[in-house]
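Structural features, examined
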Amino acid sequence: MVNLILKDIIIQKNTIIFYIATIILYLLVDVSPIFLGVLYSVVFIMTAFSTDEKGNANILLNSLPYTRKEVVSSKYMGALLFTSVIIFIIYLGDFFLNGMGEVFLWREILLIMGLVMVTISFILPISYKFKSKHLLMILVALVGLYLVTITILIPNLHDILREFVQNFLALQETQMYFVAILTTVILYIGSWLLSIRIYERKAF
Amino acid sequence: MENVIELQHIHKSFKGFEIKDFSINVKKGFVTGFIGGNGAGKSTTIKLIMNLLKQDSGTVSVFGMDYKKHEKDIKERIGFVYDENIFYENLTLKDMKRIIKPAYKNWDDTAFQRYVNEFELPLNKSMKTFSKGMKMKASLAIALAHHAELIIMDEPTAGLDPIFRRELLNILHELMQNEDRTIFFSTHITTDLDRIADYITFVHNGEHIFTKEFYKIEEEYAIVKGTLDLLDRETEQEFISIRKTNTGFEALTADKNRVINIFGDTVIVEKPTLEDIMYYTKKGR
Amino acid sequence: MQIIISNSSKEPIYEQIYAQIKKLILTGELQEGQALPSMRQLAKDLEISVITTKRAYEELEKNGFIYSIVGKGSFIAEQNKEMMRERKIKVIEENLLIAIQNAKEMNLSLAELKEMLTLLYTEDA
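Residues numbered from 1 in each chain as written. Chains lettered and ligands numbered in written order. Predicted model: local features only at pLDDT ≥ 70, side-chain atom pairs only at ≥ 80, totals over all residues. Heavy atoms only, no water.

**Focus: the interface of chain A and chain B**
Listed by partner, the interface residues are 24 residues for chain A and 25 residues for chain B. In this assembly, chain A packs against chain B so that about 2300 Å² is buried in total across both faces, 62% of it on carbon and sulfur atoms. Per-residue buried area on chain A facing chain B is highest for Leu60, Ser63 and Pro65 of chain A; these three make up 26% of the total on that side. Inspection of the chain A/chain B interface yields two salt bridges. Among the salt bridges present, the one from Lys72 of chain B reaches Glu70 of chain A, with a minimum N-O distance of 2.6 Å. Counting across the interface, chain A meets chain B through twelve residue pairs in polar contact (both at pLDDT 80 or more). Put simply, the parts of the chain that give the side of chain A that touches chain B at least two residues each are α1 (2–10), α3 (33–54), α4 (57–63) and α5 (68–98) of chain A. Looking at the side of chain A that touches chain B, the element that brings in the most residues is α4 of chain A, giving six residues. A breakdown of the residues in the side of chain A that touches chain B according to their chemical character gives eleven nonpolar, six polar and seven charged. (Contact = heavy atoms within 4.5 Å. Buried area = accessible area lost by both parts, 1.4 Å probe. Salt bridge = Lys/Arg side-chain N within 4 Å of Asp/Glu carboxyl O. Polar contact = N/O pair within 3.5 Å; in protein donor to acceptor, adjacent residues only side chain to side chain. Helix = DSSP H or I, 4+ residues; strand = E, 2+ residues; numbered from the N terminus. Nonpolar A, V, L, I, M, F, W, Y, C, P; charged D, E, K, R; others polar.)

**Here we look at the sheet that holds strand β12 (residues 241–245) of chain B**
All names here are of chain B. On the basis of which strands lie adjacent, the open sheet formed by four strands has the order β12-β13-β11-β14 and antiparallel pairing. Two strands lie at the open edges of the sheet, namely β12 and β14 (268–270), each paired on one side alone. When the angles between neighbouring strand axes are averaged without regard to direction, this sheet yields 20 degrees. Of the pairings in the sheet, the one linking β12 to strand β13 (residues 248–253) comprises five bridges and is antiparallel in character. Residue pairing in the sheet places Arg243 in a bridge with Glu250 of β13. Lying over the sheet, helix α10 (residues 274–283) contacts β11 (222–226), β12 and β13, oriented at roughly 90 degrees with respect to β12. (Pairing = 2+ DSSP bridges. Axes fitted to C-alpha atoms, helices over the stretch in contact; angles between N-to-C directions.)

**Topic: the pairing of strand β3 (residues 31–35) of chain B**
Residues and elements named next belong to chain B. The buried count for β3 comes to five of five residues, which makes it a mostly enclosed element. Burial along β3 is two-sided: the face carrying Val31, Gly33 and Ile35 and the face carrying Thr32 and Phe34 are both buried. For β3 and strand β8 (residues 182–186), the ladder comprises four bridges, and the chain directions are parallel. Bridged to Gly33 within β8 is Phe185. (Buried < 20%, exposed > 50% of the residue type's maximum accessible area, 1.4 Å probe, protein only.)

**Comments concerning the confidence of the model for chain A**
Chain-level statistics for chain A give a pLDDT mean of 85 and a share of 90% at 70 or above. In the model of chain A, helix α7 (residues 132–153) of chain A stands out as the element of lowest mean pLDDT, 71, in contrast to α4 of chain A, which has the highest, 93. (pLDDT = per-residue confidence, 0-100.)

**What about the interface of chain C and chain B?**
Taken together, the 16 residues of chain C in the interface contact 20 residues of chain B. Summed over the three residues of chain C that lose the most area to chain B, namely Arg40, Glu47 and Ile51 of chain C, the buried surface amounts to 47% of that side. Taken together, chain C and chain B are joined by four salt bridges. Here Arg55 of chain C and Glu219 of chain B are joined by a salt bridge, their closest N and O atoms 2.6 Å apart. Here chain C and chain B share eleven residue pairs in polar contact (both at pLDDT 80 or more) between them. Contributing elements (two or more residues each) for the side of chain C that touches chain B: α2 (39–46) and α3 (50–62) of chain C. Counting residues per element, the side of chain C that touches chain B draws most heavily on α2 of chain C, which supplies five residues.

**With respect to the arrangement of the chains**
Ranking by contact count across two pairs of chains in contact places chains A and B at the top. Across all C-alpha pairs, the smallest distance from chain A to chain C is 28 Å, and the two are not in contact.

**Re the sheet that holds strand β2 (residues 17–27) of chain B**
Residue and element names in this part refer to chain B. Taken in spatial order, the four strands of this open sheet run β2-β1-β4-β5, and their pairing is antiparallel. The sheet terminates laterally at β2 and β5 (65–66), the two strands that pair on one side only. Sheet strands touched by helix α1 (residues 42–49): β1 (3–14), β2 and β4 (57–62). Its angle to β1, the strand with the most contacts, is close to 120 degrees.

In structure tokens form, the structure reads like this:
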């Protein structure tokens, strides 16, 4: 399983420098670490996914001594690992570039992790079920829907989101955190099991 | 004799194609050539054997084990060569090795290096610069580096020049020096099989027509040529199918001796090629 | 051991191998106890399938020309000298019969045929 996670790094080894360079650039112009963390984690995870899909890597992987369960599980475990590493890189970079500033660092980390997990929980099963080129269409449709929604229905959606983030970071009650974490974890595990089910029925 | 692969009563249906009650066995220690026209079910069969595709019903057993319980044990012992590219195009062969090596318990780096040298494969060039033949050799080097007992190849010679095909045959002959090794490969270039195949498995339209020792095919089947007046309703029954022209007929029989008894010296009886058998079988159905 | 096979011959390849090894044994070129190449080695050298050499070896073994020891390979069997002589005489007889038949076809007399045989026999020696 570790081999499969390492594989996702090897296939992107040429772009890792690019990822780190742009992270530093964004940090210099003060882009929010939360935004960067979520974006880069999802991009990294999904690039690995679509690289497998574009070639016949699924034929290769399933001809090697791996079970389908392992192939899917490596994606879900890898996602957590990659997000952790990216968070580490971002905050390390942020520390060197902008110095210590944030007081509730761990809450930000938790938020990034949570957002990535929720996003991945939706994207992966859809990508396993359909091709990720369809995912792009779904994404375009969603962005369209999103734009329509904010311009027509909720013009202040951005403000609401910002407020949600602020509220989340300011939450004091541990109980609320517990519920949020539990929901995310359940969603993630549910998505994981669903993806295994979908993948096991696939023909290559 | 021991079977390495056993497919029994497989049913599998797709849109517009169906395999019904399909059973084949592949003998251990020999080379089995797997023939059939396009769309006959060769790739589907190979995918079933590799567990890339799941049957609707029936059983697939490899090395006497089933995939439900022993997927990893089985694949540990299989080497594969596919018709399509399965490598990450932007990676080098060295990177591919780094990805594939940890998957196998008994990976042998020395063996891998030996075959890479023998096949003259570049380790540091990206896979997209590899020709089809080089990719095939890379797959073989990987298969041999984990000492695969069963080597499954889907159209390994398609799109290769004759020299390359001849080279592959030499490699296969070399591999078969090990009597525990089994090779199963599909092809529609049937002349590749003359020099290497011990058994021929022939499928047509999702149906297993036969699996026979190569020499038995030549002993049993024959191409018969004669004048049209020899044919009537009764004698036509002796043939799988008949091609009639203004100058006479040419037909395939699956019982050479019987035909010789019936027609005697009035016809010419010739050794059939696998292509003849494929052509006339298709025509007869 | 030299074996030449023809792909265009009507004779099956395993029979060609059988006949040539048999000849090498009968002429004494292959001696009793001598090891034959393994079936797989021979298949590789001749660029033919393993099952073809296997069949040739099986036929040779069935007719007492060779024997196999599991795990060690195949060896030339002891040839019964008396039997070999008889067998060879039979072959000579068969060949002579053909000559006689040909002679009769063109009305060649026995005396003439004998004369021819004597001439050829002494000339050759």
